[in-house]
Amino acid sequence: MEAPKQPAIEFITAEALAELTADQNQLTATHLILDVRTAEEYATGHIPSAINIDYRDISAQIKARSETLQAFKTKKVVVYCERGVRAGRAEAALTAAGFQVIRLKGDIRAWKAAGLPIQR
């Protein structure tokens, strides 16, 4: 018996995400940027417009805030962390809950390396 195929991971580059963040109206209509690092890491600097839910709390937050998060099921959720491990775990939980997930290629490190703006 063959294992079920995992859906292909969709990625967005830092530059493409920066273009999306330039138009806040377009961004909020189509995307949610989700930083899944700790609150302390988020406070040291994050992508503008990103909200923070620690990857360890994703499953609980999906359940606890299900009514609030339902609005985001029609949007693409761009997930990032520092290097990708935590984003991968968050992606799995979000995908299982029915969200359309996109990963930031290279995570916050790629964003910073490209010299893109950081919000504190």
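What counts, and at which threshold
Note on numbering: residues in each chain are counted from 1, in written sequence order. Two thresholds apply to this predicted model, a pLDDT of at least 70 for residue-level local features and 80 or more for giving and counting side-chain atom pairs, whereas whole-chain, interface and lining totals are computed over all residues. Here the side-chain values reflect all heavy atoms present in the structure, with hydrogen atoms and water set aside. When DSSP finds two or more bridges between a pair of strands, those strands are recorded as paired. Helical segments are the DSSP runs of H or I of at least four residues, strand segments are the runs of E of at least two, and each set is numbered from the N terminus. Should any heavy atoms of two residues lie within 4.5 Å, those residues are considered in contact. Convention adopted: a line fitted to C-alpha atoms gives each axis, helices being fitted over their contacting stretch, and angles between N-to-C directions are expressed from 0 to 180 degrees. A pair of aromatic rings is counted whenever rings of Phe, Tyr or Trp (Trp by its six-membered ring) have centres within 6.5 Å, and the orientation is called stacked for planes under 30 degrees apart, edge-to-face for over 60 and tilted otherwise. Should the NZ of a Lys or the CZ of an Arg lie within 6 Å of a ring centre and within 35 degrees of the ring normal, that charge is described as sitting over the ring.

Trainee: Even after reading the chapter, I still don't get the sheet that holds strand β2 (residues 31–35), so can you show me in this structure?
Mentor: Paired through their backbone hydrogen bonds, the strands of a sheet run either parallel or antiparallel. Overall, parallel pairing links the five strands, which are arranged β1-β5-β4-β2-β3 in an open sheet. Pairing within the sheet leaves two strands with one partner each, and these edge strands are β1 (10–12) and β3 (51–52). Pairing of β2 with β3 involves two bridges; the strand directions are parallel. Within β3, the residue paired with aspartate 35 across the bridge is asparagine 52. In the packing of helix α1 (residues 14–22) onto the sheet, contacts are made with β1, β2, β4 (76–80) and β5 (100–104), and the angle to β1 comes to roughly 70 degrees. Most of the contacts of helix α6 (residues 85–96) go to β5, to which it runs at about 170 degrees, and overall it touches β2, β4 and β5.

Trainee: What is the right way to look at the packing of aromatic side chains in this model?
Mentor: By convention here, two paired aromatic rings are described through the distance between centres and the angle between planes. Going through the model one piece at a time under the given rule, you end up with zero aromatic pairs. A cation over a ring is seen here: lysine 73 above phenylalanine 99, with NZ or CZ 5.3 Å from the ring centre.

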